[in-house]
Amino acid sequence: PRQHTLAVIKPDAAEEQKGFIISHQKETILSKEVAEEFYTEHKERPFFDQLVQFISSAPCVLLVLSKENAVEDWRAAMGPTDPDKAKETSPDLLRARFGSDILHNAVHGSSSEEQAHREIQLMFGDQSSEQVTSSE
Ligand code: CMP
């Protein structure tokens, strides 16, 4: 029979990477429509269908991470898009540790403040948008 266990990501784990605060989070299975919108900048890429299929195939944990310089610092913590390249850079990078190939690369991070705003609105816009996009 299926067993259950409770896992807790404690405050120290969340803050381990350079002091990020998790200001919003949810676990959800993205619809294909939301996934297509999320990755709209890649619409013309040959891997777009695979990308949408993969990200909507099972639950994702979505986090709004907050700190000074969060966009750049989170991208630095993830490392290069391709886990093989990440491994060459440093085994501590998140994609080096948890990614398996360029499609299955474990984590995403917004590419700019503008993208972060758009992506947060898309994923958390059903909650109070002021709350989600405030600078705190
Ligand atoms: P992400 O940071 O979420 O942004 C776009 C994603 O496209 C990227 O992570 C990769 O998972 C994926 N991606 C980029 N290049 C390729 C590729 N050549 N083949 C498959 N997936 C890719």
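No experiment lies behind these values; they were computed from the predicted model shown. (Residues numbered from 1 in each chain as written. Predicted model: local features only at pLDDT ≥ 70, side-chain atom pairs only at ≥ 80, totals over all residues.)

**Regarding the overall build of the chain**
- Tallying secondary structure elements over the chain gives eight helices and two strands in all.
- When the helices and strands of the chain are read in sequence order from the N terminus, they spell out α-β-α-α-β-α-α-α-α-α.
- Scaling as 2.2 N^0.38, a compact globule of 136 residues should have a C-alpha radius of gyration of about 14 Å, and the chain matches this with 16 Å.
- For the C-alpha atoms alone, the extent of the chain along its principal axes is close to 45 × 35 × 35 Å.
- Across the 136 residues that make up the chain, the buried fraction comes to 12%.
- Counting only contacts in the chain whose residues sit at least 6 apart along the sequence, the fraction spanning at least 24 positions is 49%. (Helix = DSSP H or I, 4+ residues; strand = E, 2+ residues; numbered from the N terminus. Rg over C-alpha atoms; globule rule 2.2 N^0.38 Å. Buried ≥ 20, exposed ≤ 12 C-beta atoms within 10 Å, placed from the backbone. Contact = placed C-beta atoms within 7 Å.)

**A closer look at the UniProt feature "binding site: ATP" (unreviewed entry) in the chain**
- Look at the UniProt record and you will see "binding site: ATP" (unreviewed entry) annotated at Lys-10, Phe-47, Arg-75, Thr-81, Arg-95 and Asn-105. What stands out for the annotated residues spanning 96 residues is how far apart their C-alpha atoms range, the widest pair being 35.7 Å apart.
- By the element assignment, Lys-10 lies in the segment before helix H1 (11-16).
- Looking at where Asn-105 falls in the secondary structure, it is placed in the loop between helix H6 (94-98) and helix H7 (113-124). (UniProt positions renumbered as here; feature names shortened; annotations may be inferred.)

**Digging into the confidence of the model for the chain**
- When the pLDDT values of the chain are averaged, the result is 89; 90% of them are 70 or greater.
- The ipTM value of the predicted complex is 0.97, and its pTM value is 0.88. (pLDDT = per-residue confidence, 0-100.)

**Some words on the nonpolar core**
- If you look at the biggest cluster of nonpolar residues, it comprises eight residues: Val-64, Leu-65, Ala-70, Trp-74, Met-78, Ala-86, Leu-93 and Ala-96.
- Listing elements by their share of this core, those giving two or more residues are strand S2 (60-66) and helix H4 (70-78).
- For this core, the element with the highest residue contribution is H4, accounting for three residues.
- With residues near it in sequence (within four places) discarded, Leu-65 still touches Phe-20, Ile-22, Ala-70 and Trp-74. (Core = buried A, V, L, I, M, F, W, Y, C linked by C-beta atoms within 7 Å.)

**Concerning H4**
- Within H4 the residues assigned to the buried category are Ala-70, Trp-74 and Met-78. Down the axis of H4, the sector holding all buried residues measures 70°, keeping them to one side.
- A positive backbone phi angle near 90° is found at Gly-79, which sits one or two residues after H4. (Arc of directions from axis to C-beta.)

**Describing the environment of Glu-33**
- Within the secondary structure layout, Glu-33 lies in helix H2 (residues 32-38).
- For the pair formed by Glu-33 and Val-52, sequence separation is 19 residues and the distance between their alpha carbons is 8.8 Å.

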